[in-house]
Amino acid sequence: MTSNTRVVVIGAGLAGVRLARRLGELGTPALLIGDEEHRPYNRVLLAEVLAGRYAPEVIALPAPAGLVRARVTGIDRARRSVVCADGTEIAYGTLVLATGSNPVLPPLRGLFTPDRVLPEGVHAFRTLDDCLGLSRAVRPGARAVVIGGGLLGVSAARALAVRGAQVVLAQQSERLMERQLDPGASHLVLRHLRDLGVEVHTECRVRDVRCVGGAVRSVELADGYALDADLVVLACGVRPRAGLAEAAGLAVRKGVLVDDELRTSDPHIRAIGDCAQHDGNVYGLAAPALEQADVLAESLAGNAAARYTGTRSLTRLTLTGPDSPFDLAAFGETDPRPGDDVVQLADATRGTYRKVVVRDDRLVGGVLVGELGTVGALARAWEGAEPLPDDGPLLHLLTNDGGS
């Protein structure tokens, strides 16, 4: 394949690897550039590595042909080439940005050393290197503070608790995983973490990170209360990694703007995954990234009808506890609007909770905690977005455990 037709993909995460693999299957091999020293891996499973449930090699992805390890420092759109840190230039016919996202580092006093690096004991939790660094540092009895109570923070707190650390989770909003869960489901997550020994503080803002000799010693809250800490985990969300695109003059808002063909403002450059913004959405989830990769592979292999129209994605999380796993799933709108119909079933003894929201005879969202046998049927009804039958199927969907 000549440089005028060659597909070059920057980013060897889930989206980039999936695209390269699908293109190879369709007879259009791509050159994949990744800047991590590890074999490509499934980032979704990092918390399981931290918990000790999986070894790092278990989460490795099938290594695609044509993988180049390099750090891209610039894009020359006029020459249609990318420039690497070692000075190498790689020509492309079509360039695909699958650069992913970076962790959000909160503006806390004392967070960085004078050299602008994180102090000893302070860890982001985004890459395999982050995960392995935390794994080496954690030990039974270690005092760990997790900042952020979203999906990543809850997963990190659970993993550290399973490893025997004394964990405190500090969440700025009023409940855990507020973007995915309603108050009832969030309360069950809170109960599960507390059963593992995690101390949870909600409506709590962290102000300072205190260090001695370059190593973290405590975290100070906005009310002046100090939490002793041997480890601090930053789980404050992610933002699209769009610096290359912005420096190259591509249209960027929250992420790199793409159309239904996943084309950026440059017709020779596409973008997929966490770095891409489609129809106002930056998903930051695995399912949309994989769907975008599949659509783009079809398009680049010659299917002119291939279009990406958005993803209706389901969030699923399994928290492994000392006795049994704790499963949850959430999709769509879990908080009803005025006039919506809500069906809700809860069993405090078994720790299960099921709720669906119906609007204009259509299932618009739901959340389930524990015993997820119904999640398959509910997700299919939601994804289809078709009017529900008139014969009262909702209770059946909520209680029929054969639907997954």
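Calculation rules
- Residues numbered from 1 in each chain as written.
- Predicted model: local features only at pLDDT ≥ 70, side-chain atom pairs only at ≥ 80, totals over all residues.
- Heavy atoms only, no water.
- Helix = DSSP H or I, 4+ residues; strand = E, 2+ residues; numbered from the N terminus.
- Buried < 20%, exposed > 50% of the residue type's maximum accessible area, 1.4 Å probe, protein only.
- Contact = heavy atoms within 4.5 Å.
- Expected span 1.5 Å × (residues − 1).
- Core = buried A, V, L, I, M, F, W, Y, C linked by side-chain atoms within 4.5 Å.
- Axes fitted to C-alpha atoms, helices over the stretch in contact; angles between N-to-C directions.
- Parallel < 35°, antiparallel > 145°, perpendicular 65-115°, else oblique.
- Left-handed = near helix turned anticlockwise from the far one by under 90°.
- Nonpolar A, V, L, I, M, F, W, Y, C, P; charged D, E, K, R; others polar.
- Phe/Tyr/Trp six-rings, centres within 6.5 Å; stacked < 30°, edge-to-face > 60°.
- Lys NZ or Arg CZ within 6 Å of the ring centre and 35° of its normal.
- Salt bridge = Lys/Arg side-chain N within 4 Å of Asp/Glu carboxyl O.
- Pairing = 2+ DSSP bridges.

> Would you mind showing me how to read the overall build of the protein chain here?
When helices and strands are tallied, the protein chain shows 9 helices and 25 strands. The proportion of buried residues among the 404 residues of the protein chain is 50%. By sequence separation, contacts in the protein chain at least 24 residues apart represent 59% of the contacts at least 6 residues apart.

> I tried to follow helix α1 (residues 14-25) on my own but got confused; where do I start?
Counting along an α-helix, one turn takes 3.6 residues, and residues three or four places apart therefore face a common direction. For α1, built from 12 residues, the straight-helix expectation of 16 Å at 1.5 Å per residue is met to within 8% by its first-to-last C-alpha distance of 17 Å. The set of residues buried in α1 consists of Ala15, Gly16, Val17, Leu19, Ala20, Arg22 and Leu23. Against the buried residues of α1 lie β1 (7-10), β2 (30-34), β7 (94-97) and α7 (286-300). Downstream of α1 by one or two residues, Gly27 has phi in the positive range, about 80°.

> I'm lost on the nonpolar core in this one. Help?
Considering soluble globular proteins, one finds that nonpolar side chains tend to be buried as a cluster. In terms of nonpolar packing, the biggest core is built from 47 residues, with Leu19, Ile75, Val82, Leu95, Leu97 and Ile272 touching the most fellow members. For this core, the element with the highest residue contribution is α7, accounting for 6 residues. Excluding residues that lie within four positions of it along the chain, Leu97 makes contacts with Ile10, Ile75, Ala245, Leu250, Ile269, Arg270, Ala271, Ile272 and Cys275.

> How do you make sense of the packing of α1 against α7 when you look at a structure like this?
Packed helices, taken two at a time, are described by the angle between their axes plus the distance between the axes. It is at 8 Å that the axes of α1 and α7 come closest, and there the two elements cross at 30°. Relative to α7, the element α1 is oriented roughly parallel. You can see that α1 and α7 cross each other, and the crossing is right-handed. Along its contact with α1, which presents Leu14, Ala15, Arg18, Leu19, Arg22 and Leu23, the element α7 presents Ala286, Ala289, Leu290, Ala293, Asp294, Leu296, Ala297, Glu298 and Leu300. Looking at the contact of α1 with α7, its residues break down into 11 nonpolar, no polar and 4 charged.

> What's the story with the packing of aromatic side chains in this structure? I'm lost.
What describes a pair of aromatic rings is the distance from one ring centre to the other and the angle between the planes of the rings. Counting across every chain of the model gives 1 aromatic pair. An angle of 45° between the planes, with centres 5.1 Å apart, marks the rings of Phe331 and Trp382 as tilted. Of this pair, Phe331 sits in strand β22 (residues 325-332) while Trp382 sits in helix α8 (residues 375-384); the two residues are 51 residues apart in sequence, bridging distant segments of the chain. The pair formed by Phe331 and Trp382 is uniform in burial state, with each residue classed as buried. Seen from the ring of Phe112, Arg116 lies directly overhead, with NZ or CZ sitting 4.1 Å from the centre.

> Would you explain the pattern of salt bridges in this entry?
Any two side chains of opposite charge can pair if their charged atoms end up close together. Summed over the entire model, instances satisfying the criterion amount to 27 salt bridges. As a salt-bridge pair, Asp35 and Arg241 come within 2.9 Å of each other at their nearest N and O atoms. With Asp35 in the loop between β2 and α2 (46-50) and Arg241 in the loop between β17 (238-240) and α6 (243-247), this pair connects stretches of sequence that are 206 residues apart. What makes Asp35 partly exposed here is its relative accessible area of 40%. Relative accessible area serves as the criterion here: at 34%, Arg241 is assigned to the partly exposed category. In this structure, a network of salt bridges that share partners links the residues Arg18, Arg21, Arg22, Glu25, Asp294 and Glu298.

> Even after reading the chapter, I still don't get the sheet that holds strand β4 (residues 72-76), so can you show me in this structure?
Either a parallel or an antiparallel arrangement is found when strands of a sheet pair, and the pairing is made through backbone hydrogen bonds. In spatial order, the strands read β4-β5-β6; together these 3 strands make up an open sheet with antiparallel pairing. Lying at the two open borders of the sheet, with one neighbouring strand each, are β4 and β6 (89-91). Averaged over all pairs of adjacent strands, the angle between their axes in this sheet comes to 25°, without regard to strand direction. Relative to β6, strand β5 (residues 81-84) runs antiparallel, the two sharing 3 bridges. From the neighbouring strand, Ser81 faces β6, where its bridge partner is Ala91.

> Any chance you could explain the pairing of β22 here in plain terms?
The element β22 is extensively covered by neighbouring structure, given that 6 of its 8 residues are classed as buried. Across 5 bridges, β22 lies against strand β25 (residues 362-369) in antiparallel orientation. Residue pairing across strands places Gly332 opposite Gly365, the latter belonging to β25.

> Would you take a moment to explain the environment of Pro288 for this structure?
Mapped onto the elements, Pro288 comes out in helix α7. Here the alpha-carbon distance between Pro288 and Ile272, two residues 16 residues apart in the chain, equals 8.9 Å.

> Help me understand the environment of Gly11, please; the structure alone is not making it clear to me.
You can see Gly11 is positioned in the loop between β1 and α1. Taking C-alpha positions, Gly11 is 13 Å from Leu61, a pair spaced 50 residues apart along the chain. Once residues within four sequence positions are removed from consideration, Gly11 is found in contact with Gly16, Val17, Leu32, Ile33 and Ala98.

> What's the story with unusual backbone geometry in this structure? I'm lost.
Among all residues except glycine, the phi angle is most often negative; among peptide bonds, the trans geometry is most common. A positive phi angle, close to 50°, is found at Arg80, a residue other than glycine. Structurally, Arg80 can be placed in the loop between β4 and β5. We classify Arg80 as partly exposed; its relative accessible area is 28%.

> Got a minute to help me understand the environment of Glu291 in this structure?
One can find Glu291 in helix α7. A relative accessible area of 32% places Glu291 in the partly exposed class. Leaving out residues up to four positions away in the same chain, Glu291 has contacts with Tyr308, Gly310 and Thr311.

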